[in-house]
Structure formats: C-alpha cells, structure tokens
Amino acid sequence: MSQRKSYAVGTGLFIVLGFAALAYLATQTSSVANRQQGASYTVDAQFENIGQLKERAPVKIAGVRVGQVQAIALEPGKPVADVKLAIDKRYADIPADSVATIFTSGLLGDQYVGIEYGHSKNHVADGGKLALTRSSEPLEEMLGKFFGAGGAADNIGGSYRVTARFSNVGTLSVGSPVKMAGVPIGQVASVQAEPAKLDALVTLAIDNRYDQIPDDSAAAVFTSGLIGSQYVAIQPGGSPDMLKNGDEMILTQSAMQLEDLIGKFLVNGSGSGDGKQGANPPTTPAGKH
Amino acid sequence: MNARIGNDNVVTQALGQIGNCGLFLLQVLAAIPRSLRHGRETVRQLWFTGAMSLTIIMTCGLFVGMVLELQLYHVLSMFGSTSMSGTVVAIATYRELGPVVTALLFAGRAGTAITAEIGLMRATDQIAAMELMAVDPLAYVAAPRFLAGLVAMPLLCCVFCALAVFGGHLVGVSWLGIDNGTFWSNMTATVDVWQDIVSGVIWKSLAFGAVVSLIAVFQGYTAPPTSEGVAYATTRTVVASSIAILALDFVLTAFLM
C-alpha cells in the first residue's frame, strides 16, 4: 500500500509540475504577460496610413510604454484608419493637442504609436480624440525622397505622345518617368520590341504643359544613381519646330549597361576599336537609314 | 485479432502493419471506458512513463535551450539583433523542437519499456492467463498505458519547453550578457498563446503522445512470444515512432500554422 501511495504522490507531483510549467510558459513568456495591467482609458486617433501597425502594439510616450493599441478599424465612409489606444489610467494627463505618430522601432522593427506632448491645458479624456496625427511613412517613399528618383508628373492637363527608338532600353518599363532637366514631365506609355528594325520602340506620354520641346531633342535612357531605376531624360535641341503628338524623336541614346561600362574601362588602354562591336554607340541616328 | 501476414513483400507487410495498428487503435479506444475501473493502474503507468521520464526530459530541454541560444547568438550578432535570440529560442522550442524532441525521447525512454513489458507479458503467457481469469487485457494492460502516454506527453513537453527557455536565459543573459529586460520583453511581445503554446506545445504533443504510445502498445501486444521477437518489437517501436513523429510533425505544422 505504501508503495502504491508513493506512485500516487509522485504522479500527482508530476502532473502539478507539468501544469506549473504550462502556466509559466503561457503567462511569463507569451503575450499574455504583455496584456494591459490595471485600468485604462480609450483615446481615438485617426491616421491616413497605419503601415504595419497591429493590435496590441505598444503606445509610448518618450519611449516609455503607457498602453497599447486596442482596435484598428477603417473609419466608415472615409479612407482613414481609426485606431483606438488603450492608455493606462496612471497617465491620465496627456494634453489634448498632443501628436500621435506611428514610429518604427529601428530600421526593420515593429511599429508602435508614439505620443508627443502638446502644450494645451486641457487633457484628453476617456473616449476623446487625438486630432493631430502623423502617419506611418512607407520606406519606399522615404527612399524615394532620399534618392530623388520618385515623383511622377501630375497628369492633369492631358498628355501628348511621341515615340523614340532605342537599341537597348535596359530595365526601362511602362510608368518610368520622363524627365527634362531632372524634372518629371511625363512617363513611359509603352515599350515594344520592333521586329523589323530589331530595336525597341518606346512611347513617351509628355504632359501638355510641356509643349515647347524642340523636335531635334535627344532622348536618353539614364539610371538614377548607381543602382536606381531607369528613366528617359530629354536633352533639348535647338530647332525652332516643336514636338507634336505622334512625332518621333530621332536622336536617342540607349541605356548604358554596367557590364559595358566596366568592359570599356578595363580594355581602355588596349586598342578601343576591336572587341567593342557589341557595345552600344552613344548616339544612334536610328531613323536616318 | 490480427490477420496473419504471410511472407509477402515489404509493401504488403507495411500496409498490413498499418492496418492492424489502426484496428488496434479502435480496440484500445473501445476499451478505455472499461479501463476506468482500473484507474490505479493508469496512475501507476503515468508514474512510470511520465514522472520517471522527467529527469531525461529536463536535462535535454536545458541543453537544447542552451545550445540553441549559443548558436543563435553568434549568427544574430552579425545583424546586431542578439536581443531577439531569446524569442527565437522560445518560438523554435514551442513550435517544433519541444514537441518533437520530447516525443523522440519519450519513445526511447517510455515507449521501449512499454513494448518490452507487454511483449514479455505475452511471451510468459500472462496475457493468456488474464483472458482465462476473465480480465480483459486490453482494458487492464493496453488502455492504461495508452492513456498514460496521452496525458504524460503534453506535461513533459511543457516541462521541456520551460527548461529550454531557462537554458536559453542562462546562456544568453548570464553568460553572453544580453540584457535581461529586452530578453523577456522581446519574447513576451512575440510569443502568442494560441499560435505558439496551444497549437504548438499542447496539440502537437497530444498527437505525438497518442502516436508513440499506440505504436509502443501495439508492438508489444503483437510481438512474437520469443525473446528475439520482443527484442525486434522494441527496435521497431523506436524506428516506427521516430518516423511517425517526424512525418506527423510536418503534417501538423502544415495544418496548425
């Protein structure tokens, strides 16, 4: 009997230990430990873009966690996100004109809502609203600003189309910007291979506002930065006649390929004439022959 | 009970084994209500299969957590994100390593013992004697062991995971100097109760517990009543359980994640 009793006690201990371990895993190492402790009040904030913000993401003031995101929903009838923040009752004196911003922790980390204090004497109340918000900024937009490659022309005034032939368009694609003096004036409407002439026919849609482009201007495929996207740059000529809808730009310069450039650089000293037949000549009078 | 399988080819034999195993599962399940009269026997089996396995499970859990943390630290230090290593230890253990390693250890520690015990009971005619005394061997021998395995596995797995996290903490925080606060806060921010602990630890280890104890009981119950037969059955328990655990793990991951 005593033997049997020790089984029972040992087995009971084992079961208790197992459940204790389960309770430990569930409460100490998981998101349950992160749940709101104590009473909280709810504040609304509306954002144009919440990026990767998730429910239960932290709300921080000066980097200190004061609450969490309770719910995220689309505001009915408007393209803005309504984010409900549950903030701990201990931090009840947040000025009503504080700014709620969606931040990213580190370059690739999770997103959280940061509140920057305003100067108002009034405090935001339960069910109140933080009117001033700053949305999450997509990485692409920030990089675009940084590299200056983004920003297409606003296509308000309509556009006219001209064509240009390139022996090589590189990675130019539909929608790539067309720039003059670095300013976007239109975009690439189509890129097609021309079977008869063995080159690429690119249609450029240029904004109607820019109708003073000489018809002997040259079109070149450039790369923004070292590894940026490619765009069509227009270098104005001197002709008194202007480009019209349906015209073809005669002078073109194809995309430089990094391999060709390196090749040119490497073989520069040893007779530039031979072995360079594959490289694209810088300026091709494509339509002349 | 079992249709005799002649000297057919390997495929037919394997299929026959699987079929017999499935039929045996139904018989054991049907015997579970009858086995409740022998509750004490179930507790005794829980002691043998569960509580006695604690030592090996705890030791292995500790070392798995420690070595995982050590490896992750060196890789993650290339990206300057060593504070996430505890999170990865926890998630990897809860979702995969905990259930799988516990089940493999359980098959080696408890499964073989079950097979050998039942095989010898069969070889020494104890099972035949029970049948003569009108004691249902399925209800008295097979079902309690099956139930015990089913209950013991999730508990053992929880202990394994807790010790793995502790081992990761030991190496990461005490030895390699990761900040204690970020270690825990990253972990609590990422680990989800339902996704990781319930569908990882609990469901997987329940399924593995059922599979391992079924295979162990089945192999012992159908072992040829010779010493060679028992030895062969014990080996087959380990081999079949290991394959079943790893294959089932893939299927369960595909379904649960």
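Relevant structure appears above.
All figures in this text were calculated on a predicted structure; none of them were measured in a lab.

Colleague: Would you mind going over the packing of helix α6 (residues 137–175) of chain B against helix α8 (residues 193–221) of chain B with me for this structure?
Modeller: In helix packing, the relevant descriptors are the interaxial angle and the interaxial distance, both defined with respect to the helix axes. All names here are of chain B. Following both chains from N to C, one finds α6 and α8 inclined at 145°, their axes separated by 8 Å at the closest point. Relative to α8, α6 is oriented so that their crossing is right-handed. Judged by residue contacts, Pro137, Leu138, Ala142, Arg145, Phe146, Gly149, Leu150, Met153, Pro154, Cys157, Cys158 and Cys161 of α6 engage Val201, Ile202, Ser205, Leu206, Phe208, Gly209, Ala210, Ser213, Leu214, Val217 and Tyr221 from α8.

Colleague: Whenever I open this one, the nonpolar core confuses me. Can you help?
Modeller: Nonpolar side chains in soluble globular proteins tend to be buried together. Within the largest apolar cluster, 45 residues are counted, with the highest numbers of intra-cluster contacts made by Phe14 of chain A together with Tyr94, Phe106, Leu156, Val191, Val201 and Phe208 of chain B. Listing elements by their share of this core, those giving two or more residues are α1 (2–28) of chain A together with α3 (54–76), α4 (85–123), α6, α7 (180–190), α8 and α9 (227–256) of chain B. For this core, the element with the highest residue contribution is α6 of chain B, accounting for 14 residues.

Colleague: It is not clear to me how the interface of chain B and chain A should be interpreted in this structure. Could you clarify?
Modeller: Interface size is commonly expressed as the accessible surface area that is lost when the partners come together. Taken together, the contacts link 27 residues of chain B with 24 residues of chain A. Buried surface at the junction of chain B and chain A, summed over both partners, amounts to about 2,100 Å²; 78% is from carbon and sulfur atoms. Linking chain B with chain A are 0 salt bridges. Applying the counting rule to chain B against chain A returns 2 residue pairs in polar contact (both at pLDDT 80 or more). Elements with a contribution of two residues or more to the side of chain B that touches chain A: α2 (39–49), α6, α7 and α8 of chain B. Among the elements that line the side of chain B that touches chain A, the one with the most residues is α6 of chain B, at 8 residues. Classifying every residue of the side of chain B that touches chain A gives 22 nonpolar, 2 polar and 3 charged.

Cut-offs and rules
- Residues numbered from 1 in each chain as written.
- Chains lettered and ligands numbered in written order.
- Predicted model: local features only at pLDDT ≥ 70, side-chain atom pairs only at ≥ 80, totals over all residues.
- Heavy atoms only, no water.
- Axes fitted to C-alpha atoms, helices over the stretch in contact; angles between N-to-C directions.
- Helix = DSSP H or I, 4+ residues; strand = E, 2+ residues; numbered from the N terminus.
- Left-handed = near helix turned anticlockwise from the far one by under 90°.
- Contact = heavy atoms within 4.5 Å.
- Core = buried A, V, L, I, M, F, W, Y, C linked by side-chain atoms within 4.5 Å.
- Buried < 20%, exposed > 50% of the residue type's maximum accessible area, 1.4 Å probe, protein only.
- Buried area = accessible area lost by both parts, 1.4 Å probe.
- Salt bridge = Lys/Arg side-chain N within 4 Å of Asp/Glu carboxyl O.
- Polar contact = N/O pair within 3.5 Å; in protein donor to acceptor, adjacent residues only side chain to side chain.
- Nonpolar A, V, L, I, M, F, W, Y, C, P; charged D, E, K, R; others polar.

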